[in-house]
Amino acid sequence: MKHIQSIYSVTRSGLLIILIAALGLLSACEDDDMSTGAPIIERVRLTDPTTADSSFISATLGSTLAIIGQNLGSAEYVYINGYQIRVNSAYATERNLIISILDSVPTIATNPDVPNTLRVVSPYGEATYDFQTLPPAPIIEQVANQYVRAGETLRLYGRYFYFVDTVYLPGDIAVTEGITANGRSLSLTVPEGLDFSGGNYVQVVTQSGTSNINRESQLFDGSGIVSNFDDTFPWGWGINIETSVTTTAPNIQPIENNFALVNMSVPGNYGWSNDKVINMVDWGGAQIYPTAPSAAYDPSLPIADFDARFEVAVSSSASLEGIELQMMYQDANNVELTANVPMTNFIRTQDGSWYTVSIPLNELANGTSTLDTYADILTGNANGEHHFRIVVVNTTANDVPVTIAIDNVRVVNAEMEE
């Protein structure tokens, strides 16, 4: 599912193309004598040559504009919504003036009282043009809990969630009502009909454009499970399996049936305790890592395509600063490769709400030892055993009491598109 982004949005990655187009536009202009008349604005367009005959009345932050008119060669400043942008004389001729809308320019998203004007000022006068500046296209930086079902709340975090028109969910579901957004976050109730056969991405459409699909904008489609602590549970050692694989915990409701629970005072200074460890392995050597569908879990694929993910809920008043979640994998030489992520990168509330934690598998390392392809993680250790260990790590000096629930441990191909 891909929905085309608005032409109004110009990314910084295209800056070189923009500058080349701008130079070409200016070089094609006539070398008129410098006028002493007041500037006149006839129209505004983007520097993209395909917009040469167009006239725009709005654009997003970061866009580069070509102002078409008369007596523009002596322009000194352009004011957009009252924000001053100094003119570079190299990009000014009598008929054309090129400027970029800086990120500092106020928009109607942050100040509903902005004048929505573009004003060109020279020593000989000024000209004002009605022009609306919009925030850029939305960016999804985190799906709070990727494991959501119909009737539950989907929460997104990111940037530029202003003037939201539609949120697309897997199954090409278009949600247009009941959306709450404040620029940095967005929430809605998931309707019936989720269908992952065409992909697992979420996209947000605003007046400024459509969010890109990426590994941060995915929902859990059920694939890649290593352990759900119910019917798939390759238990090795760690937390007390009799009491800590449970359906109940203070202020934490299960996502679905059992979850693993770390409920203890985690030792400071990286101190060890088996009660803070969830180690999954089949001691008989059976494969616990996903291998199907074969296209998604092709052994030759780069390890950078894959993430370890699991849902985490915290019920604790103690600060999570300095508390990390570590994944460990033991390679074919029995070297323990690890990767740590701060819990505060993902956990935004400690009220028992579930959040998805993601660890790129290419970050697993021990000195110079790393993984190269997905085949490396399918190999297991020297005994043919396949470990997936999750450890709660306390980097601070003091012991920290925590109640942490973990569920749906999985490995996903985060770059796979249907």
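Scroll up to find the structure.
About the cut-offs
- Residues numbered from 1 in each chain as written.
- Predicted model: local features only at pLDDT ≥ 70, side-chain atom pairs only at ≥ 80, totals over all residues.
- Heavy atoms only, no water.
- Pairing = 2+ DSSP bridges.
- Helix = DSSP H or I, 4+ residues; strand = E, 2+ residues; numbered from the N terminus.
- Axes fitted to C-alpha atoms, helices over the stretch in contact; angles between N-to-C directions.
- Salt bridge = Lys/Arg side-chain N within 4 Å of Asp/Glu carboxyl O.
- Buried < 20%, exposed > 50% of the residue type's maximum accessible area, 1.4 Å probe, protein only.
- Core = buried A, V, L, I, M, F, W, Y, C linked by side-chain atoms within 4.5 Å.
- Phe/Tyr/Trp six-rings, centres within 6.5 Å; stacked < 30°, edge-to-face > 60°.

**Q** Can you help me understand the sheet that holds strand β1 (residues 40-46) in this one?
**A** Remark on secondary structure: sheet strands pair via backbone hydrogen bonds, oriented parallel or antiparallel. Taken together, the three strands give an open sheet; going across it, the order is β1-β3-β6, and neighbouring strands pair in antiparallel fashion. At either margin of the open sheet sits one strand with a lone partner, and together these are β1 and β6 (96-100). Averaged over neighbouring strand pairs, the angle between their axes works out to 25° when direction is ignored. Here β1 runs beside strand β3 (residues 64-70); their pairing, made up of six bridges, is antiparallel. Paired with L46 across the bridge in β3 is L65.

**Q** Is there a simple way to explain the pattern of salt bridges in this structure?
**A** Evaluation of the coordinates by the stated rule reveals eleven salt bridges. The salt bridge partner of E42 is R95, with a shortest N-O separation of 3.0 Å. Of this pair, E42 sits in strand β1 while R95 sits in the loop between β5 (83-86) and β6; the two residues are 53 residues apart in sequence, bridging distant segments of the chain. For R95, a relative accessible area of 34% gives the class partly exposed.

**Q** Before we go on, may I ask you to explain the nonpolar core in this structure?
**A** Soluble globular proteins tend to bury their nonpolar side chains together. Ranked by size, the top nonpolar core spans 54 residues in total, and within it Y289, V312 and F388 carry the most contacts. Counting residues in each nonpolar core, the second largest holds 24 residues, with L46, A59, A75 and V120 among its members.

**Q** I would appreciate a short explanation of the packing of aromatic side chains in the present structure.
**A** In this description, an aromatic ring pair is defined by two values, namely the gap between the centres and the angle between the planes. Evaluated as defined, the whole model comprises ten aromatic pairs. Taken together, a centroid distance of 5.9 Å and an interplanar angle of 70° make the contact between F259 and W354 edge-to-face. One end of the pair, F259, is in strand β21 (residues 259-266); the other, W354, is in strand β26 (residues 351-360), and 95 residues separate them in sequence. The exposure class of F259 is buried, given its relative accessible area of 0%. Residue W354 is classed as buried on the basis of its relative accessible area of 8%. One aromatic cluster is present, built from ring pairs that chain together F229, F233 and W235.

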